[in-house]
Amino acid sequence: MEAIFNDLYKKYHYELFNFLFYMVQSKEQAEDLVQEVYIRVLKSYQHFKGESSEKTWLIAIARNVAIDFFRKQKGLNQRMINKVEMIDLPIRDESPLPEEMVFQSEDKKLMYHCLEKCTLDQKSVIILRYIQELSILETAQVLGWKESKVKTTQHRAIKQLKVYMNEKLRQDKAS
């Protein structure tokens, strides 16, 4: 079991950390949540049936850990994080460390800021599709949804994210 755990850690630790970082917007909290993911993996690996890839299974666990975190914070309905699709530019993380976000373009900073206003489902889809670069099928597997729901949520999220970004730009110009 130790060898399997070490292999999973080496392959997916960075992706899990990035996913959780974008969900909770805190490096320290993401590090804590990654540890919770691995605790759950150790407790449940014997139940992994291989019906999805290890990566989608791990990200699904990470998403559930994030949801539990939000519920503990303020209640899920109060801490909804609307995040879906991106603006016309393909938003990719290109694997920068969270600290490197300081050096990202203003457009990306604006997008990440506005992503916090999206619903949890929208945020999840945006992160999975554009930052984690999962396919529609993989995203559906992680979320436990049909592919059509992923596509619909992605479309609505992109549309909503654009609205939030335009509102923020207007506010900034008025200031």
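That block above? That's the structure.
Think of each chain on its own: its residues are numbered from 1, step by step along the sequence as written. Predicted model: local features are reported for residues with pLDDT of at least 70 only, side-chain atom pairs are reported and counted for 80 or more only, and whole-chain, interface and lining totals are derived from all residues. With hydrogens and water set aside, each side-chain value is computed from the structure's full complement of heavy atoms.

1. What to know about helix α4 (residues 106-115)
Convention followed: Each residue's exposure class comes from its accessible area (1.4 Å probe, protein chains only) as a fraction of the maximum for that residue type: buried when under 20%, exposed when over 50%, partly exposed otherwise. Strands are runs of DSSP state E lasting at least 2 residues, helices are runs of H or I lasting at least 4, and numbering of each runs from the N terminus. We call two residues contacting when some pair of their heavy atoms lies within 4.5 Å.
Of the positions making up α4, those classed as buried are L110, M111, Y112, C114 and L115. Elements that come into contact with the buried residues of α4 comprise α1 (2-24), α5 (120-131) and α7 (147-174).

2. Topic: the state of the cysteines
Stated precisely, the cut-off is as follows: Sulfur atoms of two cysteines make up a disulfide when they are within 2.5 Å.
Across all of its chains, the model carries 0 disulfides by this definition. As a non-bridged cysteine, C114 has C118 as the owner of its nearest cysteine sulfur, 7.9 Å distant. For C114, a relative accessible area of 0% puts it in the buried group. Judged by its relative accessible area of 0%, C118 is buried.

3. A short note on unusual backbone geometry
Residues other than glycine predominantly adopt negative phi, and peptide bonds predominantly adopt the trans conformation. Its identity as a non-glycine residue notwithstanding, Q25 has a phi of 60 degrees, on the positive side. Of note, Q25 is situated in the loop between α1 and α2 (27-44). For E133, which is not a glycine, the phi torsion comes out positive at approximately 60 degrees. Residue position: E133 is located in the loop between α5 and α6 (136-143).

4. Brief notes about the packing of aromatic side chains
Stated formally: Pairing of aromatic side chains requires ring centres within 6.5 Å, counting the rings of Phe and Tyr and the six-membered ring of Trp. Pairs whose planes differ by under 30 degrees are stacked, by over 60 edge-to-face, and all others tilted. Placement of a charge over a ring requires the Lys NZ or Arg CZ to be within 6 Å of the ring centre, with the centre-to-atom vector within 35 degrees of the ring normal.
Inspection of the entire model under this criterion finds 9 aromatic pairs. Taken together, a centroid distance of 6.3 Å and an interplanar angle of 20 degrees make the contact between F17 and F21 stacked. With F17 and F21 both in helix α1 and 4 residues apart, this pair spans about one turn of that helix. Each member of the pair, F17 as well as F21, carries the same accessibility label: buried. Ring geometry for Y45 versus W57: centroids 5.8 Å apart, planes at 70 degrees, classification edge-to-face. Of this pair, Y45 sits in the loop between α2 and α3 (54-73) while W57 sits in helix α3, and the two are 12 residues apart along the sequence. Residue Y45 is classed as buried on the basis of its relative accessible area, which comes to 17%. W57 gets classed as buried once you look at its relative accessible area, which sits at 15%. Feature note: the residues F17, F21, Y22 and Y112 constitute an aromatic cluster, connected by ring pairs. Sitting above the plane of the Y130 ring, R129 keeps its charged end 5.8 Å from the centroid.

5. Considerations on the pattern of salt bridges
The line we're drawing: Here a salt bridge means any side-chain nitrogen of Lys or Arg lying within 4 Å of a carboxyl oxygen belonging to Asp or Glu.
In total, this model carries 8 salt bridges according to the counting rule given. Put simply, R40 and E36 hold a salt bridge, and the shortest N to O gap is 3.0 Å. Here R40 pairs with E36, and both are found in helix α2, just 4 residues apart, close to one helical turn. Residue classification places E36 among the partly exposed positions, given a relative accessible area of 28%.

6. Things to note about the nonpolar core
Condition: We call a set of buried residues a nonpolar core when its members are Ala, Val, Leu, Ile, Met, Phe, Trp, Tyr or Cys and they connect through side-chain atoms within 4.5 Å of each other.
L16, F19, L20, M23, V37, L115 and L161 are the most contacted members of the largest nonpolar core, which totals 55 residues. Where this core is concerned, the elements lending two or more residues are α1, α2, α3, α4, α5, α6 and α7. When neighbours within four sequence positions are excluded, F19 is seen to be in contact with I59, A62, R63, I127, L128 and Q132.

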